[in-house]
Amino acid sequence: LAWARCSHSMASSGKRVVFIADPQLTDRTSYESLPSGPLLAIVRWICDAYLARADVMVRFLSPDAGVILGDLMDGGLRFPTQEFEAELARFRRVFSFLRGTPTWIVSGNHDIGLGVSFCTGCWERFKR
């Protein structure tokens, strides 16, 4: 991430857009051999801290807009709505720049499915 080297016309207009691709928050579906409980909580905390480093860099760069390119979480497609909402709140805590930056989120196959795994209900809740 180096805005100074950007030669696109957007750089001359002074507009900065950050792209974050495939963040996939670690959740209960990430590692089948990892049971729920304290160990999963530790793994989630470590992964959230790692992703939060990107958030620190993004806030330092002060973008005018952001784009999240799919797969917000590993198991979003498989979550009931209440669990999806809780994980989405977690996503927003990890990526705090979302609170003050216009951001577009593109859904991924882990969010709404793909082909035969496409989930209409997941798509509907994702659009909100």
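Residues numbered from 1 in each chain as written. Predicted model: local features only at pLDDT ≥ 70, side-chain atom pairs only at ≥ 80, totals over all residues. Heavy atoms only, no water.

Description of unusual backbone geometry
Thought 1: If you check the backbone angles, Gln24 has positive phi at about 40° while not being a glycine.
Thought 2: Structurally, the position occupied by Gln24 is in the loop between β1 (17–21) and α2 (38–61).
Thought 3: Gln24 gets classed as partly exposed once you look at its relative accessible area, which sits at 22%.
Thought 4: If you check the backbone angles, Ser62 has positive phi at about 50° while not being a glycine.
Thought 5: Among the secondary structure elements, Ser62 is positioned in the loop between α2 and β2 (65–69). (Helix = DSSP H or I, 4+ residues; strand = E, 2+ residues; numbered from the N terminus. Buried < 20%, exposed > 50% of the residue type's maximum accessible area, 1.4 Å probe, protein only.)

Looking at the sheet that holds β1
Thought 1: A sheet is described by the order of its strands in space; here three strands give the open sequence β1-β2-β3, paired in parallel fashion. The open sheet terminates on both sides in strands that have one partner only, identified here as β1 and β3 (103–106). Going from strand to strand, the sheet's axes swing by 15° on average, the running direction of each strand aside.
Thought 2: Direction of pairing for β2 relative to β3: parallel, over a ladder of four bridges. Across the sheet, the residue bridging to Leu69 is Val106, located in β3. (Pairing = 2+ DSSP bridges. Axes fitted to C-alpha atoms, helices over the stretch in contact; angles between N-to-C directions.)

Here we look at α2
Thought 1: Compared with the 34 Å implied by 1.5 Å per residue over 24 residues, the 35 Å span of α2 between its first and last C-alpha is a close match.
Thought 2: Listed as buried for α2 are Leu40, Val43, Asp48, Leu51, Asp55, Val58 and Leu61.
Thought 3: As for α2, its buried residues are in contact with β1 and α3 (81–94).
Thought 4: Ser62 sits one or two positions beyond α2 and adopts a positive phi of about 50°. (Expected span 1.5 Å × (residues − 1). Contact = heavy atoms within 4.5 Å.)

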